[in-house]
Amino acid sequence: MINRMIVKIDEEKCNGCGKCVSPCAEGAIRIIDGKAKVVSEELCDGMGFCIGVCPQDAISIEERQTMDFNPQAVKEMQENEEKYTEAGSIHCFKCDRDENERYLMPLRHGKESIWVCTRCLPALIHG
């Protein structure tokens, strides 16, 4: 066990919208019994891209003692797991276009995890 940053989901605040599932590229978050849950701490890289999309402010990152992040487990899970139906979609924080309309990238800006499309990124960088 090691100390590291990891996602924490407040189940009382979570409304089960699923918007946090898609940003989690490692597959650590799933909707189970109508609530978002971290299904395996070794899959959570602690980057927090799920935080910025949660409309209920139910997700935070905390430092705690847990197992180390396991990139091999992520790879195996992604190769062997069935595709889950996406419960929500992600949108550019600036133009509100979704991933079906524009290419979106996760970004940390002003201590927040956000999604930005490639058309809005230059304005964010250059002001």
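Residues numbered from 1 in each chain as written. Predicted model: local features only at pLDDT ≥ 70, side-chain atom pairs only at ≥ 80, totals over all residues. Heavy atoms only, no water.

Draft legend 1. Examining the overall build of the protein more closely. For the protein, the count of helices and strands is 2 helices and 6 strands. Ordered by position in the sequence, the α and β elements of the protein form the string β-β-β-β-α-β-β-α. What you see for the protein is a C-alpha radius of gyration of 15 Å, in line with the 14 Å of a compact globule of 127 residues. Overall, the C-alpha framework of the protein stretches about 45 × 30 × 30 Å when taken along its three principal axes. A total of 127 residues make up the protein; the buried ones form 35% of that total. (Helix = DSSP H or I, 4+ residues; strand = E, 2+ residues; numbered from the N terminus. Rg over C-alpha atoms; globule rule 2.2 N^0.38 Å. Buried < 20%, exposed > 50% of the residue type's maximum accessible area, 1.4 Å probe, protein only.)

Draft legend 2. Representation of the domain arrangement of the protein within the structure. Examined at the domain level, the protein breaks down into domain 1 (1-86) and domain 2 (88-126). A separation of 20 Å is found between the C-alpha centroids of domain 1 and domain 2. Across the contact, 11 residues belong to domain 1 and 9 residues belong to domain 2. For the pairing of domain 1 and domain 2, the buried interface totals around 820 Å² over both sides, and the portion due to carbon and sulfur atoms is 56%. At the junction of domain 1 and domain 2, the tally comes to 0 salt bridges. Taken together, the connections running from domain 1 to domain 2 amount to 0 residue pairs in polar contact (both at pLDDT 80 or more). Each residue belonging to the side of domain 1 that touches domain 2 can be placed in one class, and the counts come to 5 nonpolar, 4 polar and 2 charged. (Domains from an automatic or database assignment. Contact = heavy atoms within 4.5 Å. Buried area = accessible area lost by both parts, 1.4 Å probe. Salt bridge = Lys/Arg side-chain N within 4 Å of Asp/Glu carboxyl O. Polar contact = N/O pair within 3.5 Å; in protein donor to acceptor, adjacent residues only side chain to side chain. Nonpolar A, V, L, I, M, F, W, Y, C, P; charged D, E, K, R; others polar.)

Draft legend 3. Representation of the environment of M77. Assignment of secondary structure puts M77 in helix α1 (residues 71-80). For the pair M77 and L43, spaced 34 residues apart in sequence, the C-alpha separation works out to 8.9 Å. Those residues in contact with M77 that lie beyond four places of it in its chain are E26, G27, R30 and L43.

Draft legend 4. Seen up close, the confidence of the model for the protein. Of the residues in the protein, 91% reach a pLDDT of 70 or more, and the chain-wide mean stands at 83. Here residues 82-88 scores under 50 on pLDDT; set against residues more than four positions off or in separate chains, the count is 8 contacts. (pLDDT = per-residue confidence, 0-100.)

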